[in-house]
Structure formats: C-alpha cells, structure tokens
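Overview (structure and organization)
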Amino acid sequence: MLDTSIIQKLTDRVLHAQDSATTMTKLTDEYPSMSIADGYAVQDELRRRWIARGDRCVGLKAGLTSKAKMLQMGVDVPSFGILMASFARPENSAIDTRELVHPRVEAEIAFVMKDELKGEVSIEQVIAATDYIIPAVEVIDSRYEKFKFDLASVIADNGSSARFVAGGRPRDPREMDLRTIGVVIEKNGEIMALGASAAVLNHPAKAIVMLVKHLAERGEVLPAGSYVMTGGITEAIPVTAGDSITARFQDMGSVSFRFI
Ligand code: OOG
Ligand code: MG
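Notes on the structure follow. (Residues numbered from 1 in each chain as written. Chains lettered and ligands numbered in written order. Predicted model: local features only at pLDDT ≥ 70, side-chain atom pairs only at ≥ 80, totals over all residues. Heavy atoms only, no water.)

Turning next to the environment of M70. Mapped onto the fold, M70 is located in helix α4 (residues 67-73). In the structure, M70 is positioned 53 residues away from I123 in sequence and 22 Å away in space, judged by C-alpha atoms. Setting aside residues no more than four positions away along its own chain, M70 makes contact with L64, T65, V75, D76 and P78. (Helix = DSSP H or I, 4+ residues; strand = E, 2+ residues; numbered from the N terminus. Contact = heavy atoms within 4.5 Å.)

Okay, here's the thing in structure tokens:
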C-alpha cells in the first residue's frame, strides 16, 4: 500500500482536477505500484473532505458493469464509487459544462434501498431489501487526459462520477423482470445507443450483490435509504454544451435534461 502521506497528496491532486475541471495524468504513471486498495483509500479521503465541506453522501455507484462499458474503457472489473448530494441534478435541469472536462452520459437503473444489506447476499435478498427502482442517467467526466485510465486510477477519481439525474417513474422491482428493461438514449432527438438491462452483469441487482461484498471486505454495510446506481447499460455518449439528452426506459418513463 502507498504511504498515507502519498494518499493525501494524490487526494489533493484529484480534488483539484475535479474542482477546477482540469485534467491530470494517470496516477499510476507516477506511482506504478498503486493498487486497487490505494484507489479506494483515495476515495475514502475524498469522502472525508467532501463531508468536511458540508456535502452529504446519498449513495454509491457501481461502474464498468456491462460489456459495452468494459470494452469502451479497456477495463474488465467493476468499480465502485461514492455519490454525494452535490452531484445530484433535477430532471429537466441545465447542467453547466464549464464545470466539466469532457462529459459523457450513461443510462442506468438506480435502486433505492429500504433495508440495510451486508456481507454475502443474493439477487433475491437485494430485491427484497429494495424500496423501488428508478431510471437514472449518470454524467461521467474522467479527470484523466483523453478519458484514458487504468482501474486503480479511475477508482481514485471516484469512478469518473460528476453528476446524476434520476427521474421517470419509480417501480416496484418485485413487479418487473429486471433483465429485460429496454433503454434508449437520445441526444438532440437522435438515438445514440440502445440496450437492455441484462447487459449489466446479466441482472442489474448483481451489481449490488458485488457492491455489498466489496463493502463487507472493508468492514462497511450498504445502509437503508441508499441510492445506488448499477452502471451504464450501453457505452457512454459524449456530450457538449447545447445538447439535450433523453433516456427512455421501458415501462419506467424517461429522464431528460440538457447541457449549457
Ligand atoms: C468509469 C465509470 C463507469 C459506468 O456506469 O460504467 C461507470 C468510466 O467509464 O469513466 O460509471
Ligand atoms: Mg455510471
């Protein structure tokens, strides 16, 4: 593991890139021995700093959970990240691209939990512990040059998370087949990507099974009330100022917003 003083220094660097919307070189270029655990240590420190600023943790995200995303990013293991209240934007809002480097959008199924989950759980236990599922779009924005990274570096950048918008129609996961939810992403009225929810680990709740296991390995639980994003179903779509986005989810309504 990297020394705690190096973790602090790397956290400074990531936070600066995020706050100033500027790029940085991959952390592993300078610290080739940096591990996945070091990446999560930077994330822990980011969370401490955000909370110290008055922000609030509202949930967690899984990423790189679909083949399309793994192929697009050249990484074959899911990653987990933290969702803070300050990342959330309302439906139909205007997202300011001046605060972002090279944003992309992803359509995801989000889960809102009614019960705590911990340790080794099954898909059935995840569904039983879910209050509702809701359509969501994540705006990712890697702080690495050219959106290129390795797993340890992207974890330290909190899985590229920047903004998220939830909307459409909340649904009871016990009333749906969670593997066959069709999703279409439109940019300026044109279809850019489409897919079905089984693209995420054959079942989006599997992302939460893996997240809960990851938390358990760190002595943590998934608290009741958590909002959890399960990962992009299709590849991510690049956006710029002026673009309007609508993600349509079968039997769940749609989520729309725009970039200025
Ligand atoms: C990493 C984050 C991936 C997802 O939904 O797959 C992610 C990245 O692609 O920058 O959030
Ligand atoms: Mg995502």
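The protein atoms that coordinate the magnesium ion (ligand 2) are E106 (OE), E108 (OE) and E138 (OE), at distances of 2.0 Å. In primary-sequence terms, the residues that donate to the magnesium ion (ligand 2) follow E-x1-E-x29-E. Both residues of the pair, E106 and E108, count as buried. (Donors = N, O, S within 2.8 Å, 3.2 Å for Na, K, Ca; no water. Buried < 20%, exposed > 50% of the residue type's maximum accessible area, 1.4 Å probe, protein only.)

The next subject is the nonpolar core. Grouped together as the largest cluster of nonpolar side chains are 85 residues, with contacts concentrated most on V105, F111, L117, I208, L222, Y227 and F257. Ignoring anything within four residues of it in the chain, the contact list for L222 reads L60, M113, D115, E116, L117, I208, L211, V212, L215 and V228. (Core = buried A, V, L, I, M, F, W, Y, C linked by side-chain atoms within 4.5 Å.)

Turning to the site of ligand 1, a few remarks are in order. The environment of ligand 1 is formed by 16 residues, the closest being K61, L64, E106, S160 and G232. E106 places a side-chain nitrogen or oxygen 2.7 Å from an oxygen atom of ligand 1. In the environment of ligand 1, an oxygen atom lies 3.0 Å from a nitrogen or oxygen atom belonging to the side chain of E108. When isolated, ligand 1 has an accessible area of 320 Å², and the protein chains bury 100% of it. Breaking the shell around ligand 1 down by element, the ones donating at least two residues are β1 (57-63), α4, β4 (104-113) and β5 (130-140). (Near = heavy atom within 4 Å. Polar contact = N/O pair within 3.5 Å; in protein donor to acceptor, adjacent residues only side chain to side chain. Areas by Shrake-Rupley, 256 points an atom, 1.4 Å probe, with all protein chains shown as cover.)

Once that is clear, we can look at the environment of R89. Within the secondary structure, R89 sits in the loop between β2 (79-84) and β3 (94-95). Since its relative accessible area comes to 25%, R89 is described here as partly exposed. When the C-alpha positions of R89 and A199 are compared, they lie 26 Å apart, and in sequence the two are 110 residues distant. Side-chain polar atoms of R89 contact the backbone oxygen of S86, separated by 3.0 Å.

Scanning the model with the defined rule gives five aromatic pairs in all. Aromatic side chains W50 and F87 sit 5.5 Å apart centroid to centroid with 90 degrees between the ring planes, which places their arrangement in the edge-to-face category. Of the two residues, W50 sits in helix α3 (residues 36-52) while F87 sits in the loop between β2 and β3, which places them 37 residues apart along the sequence. The residues W50 and F87 share a single accessibility class, namely buried. With a centroid separation of 5.0 Å and 20 degrees between ring planes, the pair formed by F164 and Y227 is classed as stacked. Here F164, found in strand β6 (residues 161-166), pairs with Y227, found in strand β9 (residues 227-229); they are 63 residues apart in sequence, far enough to count as distant. (Phe/Tyr/Trp six-rings, centres within 6.5 Å; stacked < 30°, edge-to-face > 60°.)

With that settled, the discussion passes to α3. The first and last C-alpha atoms of α3 sit 25 Å apart over 17 residues, in line with the 24 Å expected at 1.5 Å per residue. Residues D38, G39, Y40, A41, V42, Q43, E45, L46, R47, R49 and W50 constitute the buried set of α3. Where α3 terminates, the next one or two residues include G54, which has phi positive at roughly 100 degrees. (Expected span 1.5 Å × (residues − 1).)

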